[in-house]
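Inside the fold
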Amino acid sequence: MTWAFSFIFPFLLTLVLLQEIGLLWGRNLRGWGPALAVGLVGAGIVLLPVDGLPVARWLISFNANFSVPLTALLFSRVVRTFFGIRLLDDRALMACWIVSTAAGATLYPMALGLGRWDPYAAGWGFSWLFVLAFFVTSLLLVMKNHLAVVLVAVILAYNLRLLESTNLWDYLVDPLLVIVSCVGLGCWARRKAQGARHKA
């Protein structure tokens, strides 16, 4: 099950790249027909064997665990392009960027040895991380923020051990997600600053 799930992120990433190529060529990608065609091409690419391993597994070799929120962002992007449906609206994206940036700022500097405290250890067994994840999820549910559904999926994926890691941190965040979130927040801040200058 874990091995099969590892193909989902590379498959979605391949679909996004194919969508971008199709849009650059001026193709209409809306509907089930284009979705099926692009999906079949994407599946063929990620299953293509290279030196005895599918292409998807080569991508996993660079980063063993792509987080559930990052996978959800890609899935939302794919669905929006094919069907015009926004699974994650602006509020959910902003919440995802903030939560992911905060998680990355908490985890990675300490994990790289910039302090004596290693928060990564909290991902094994019941700890403050599980309580915090439950609190944030509950808060987002009360606020009717769609990111809450993603965080519920994080907990379910962790319980089912869908990733190759058994640490909750790896289900919540990964380096690529932190980079994407920082870029997203930076672009948002830039737009706000430009809007404020125009109003002035």
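What you are looking at is a predicted structure, and each value in this text was computed from that prediction instead of being measured.

Right, let's talk about the packing of helix H2 (residues 8-24) against helix H5 (residues 68-83) for a bit. Where H2 meets H5, the closest approach of the two axes is 9 Å, and the angle between their N-to-C directions is 35°. For H2 against H5, the interelement crossing comes out left-handed. Counted together, Ile-8, Phe-9, Leu-12, Leu-13, Leu-15, Val-16, Gln-19, Glu-20 and Leu-23 of H2 and Leu-70, Thr-71, Leu-74, Phe-75, Arg-77, Val-78, Thr-81 and Phe-82 of H5 form the full contact between these two elements. Its residues assigned to classes, the contact of H2 with H5 comprises twelve nonpolar, three polar and two charged.

For the rest of this paragraph, the subject is helix H7 (residues 128-142). An ideal rise of 1.5 Å per residue puts 21 Å on 15 residues; H7 measures up with 21 Å between its terminal C-alpha atoms. Within H7, the full set of buried residues consists of Leu-129, Phe-130, Ala-133, Thr-137 and Leu-140. The arc that holds every buried residue of H7, seen down its axis, measures 100°, which confines them to one face. Facing away from the buried side of H7 by more than 90 degrees, the exposed set consists of Phe-134, Phe-135 and Val-142. Residue Lys-144 follows H7 closely and has a positive phi angle near 55°.

Cut-offs used in this document
- All chains use their own residue numbering, which begins from 1 and follows the written sequence.
- Residue-level local features of this predicted model are given only where pLDDT is at least 70; pairs of side-chain atoms are given and counted only at 80 or more, and the full residue set underlies all totals for whole chains, interfaces and linings.
- No hydrogens and no water enter the side-chain calculation; it runs on all heavy atoms of the structure.
- Every axis corresponds to a line fitted to the C-alpha atoms, with the helix fit spanning only the stretch in contact, and the corresponding angles, defined between N-to-C directions, vary from 0 to 180 degrees.
- Working definition: helices are DSSP H or I runs of at least four residues, strands are E runs of at least two. Numbering for both runs from the N terminus.
- Note on convention: the crossing is left-handed when the near helix lies turned anticlockwise from the far helix by less than a right angle, right-handed when the turn is clockwise.
- It only takes one pair of heavy atoms within 4.5 Å for two residues to be counted as in contact.
- Gly is placed with the polar residues, together with every amino acid not listed as nonpolar (Ala, Val, Leu, Ile, Met, Phe, Trp, Tyr, Cys and Pro) or charged (Asp, Glu, Lys and Arg).
- Helices are assigned an expected span. That span is 1.5 Å times one less than the residue count.
- When a residue's accessible area, from a 1.4 Å probe over protein chains only, is under 20% of the maximum for its type it is buried; when over 50% it is exposed; and in between it is partly exposed.
- Think of the arc as the fan of directions from the helix axis to the C-beta atoms.

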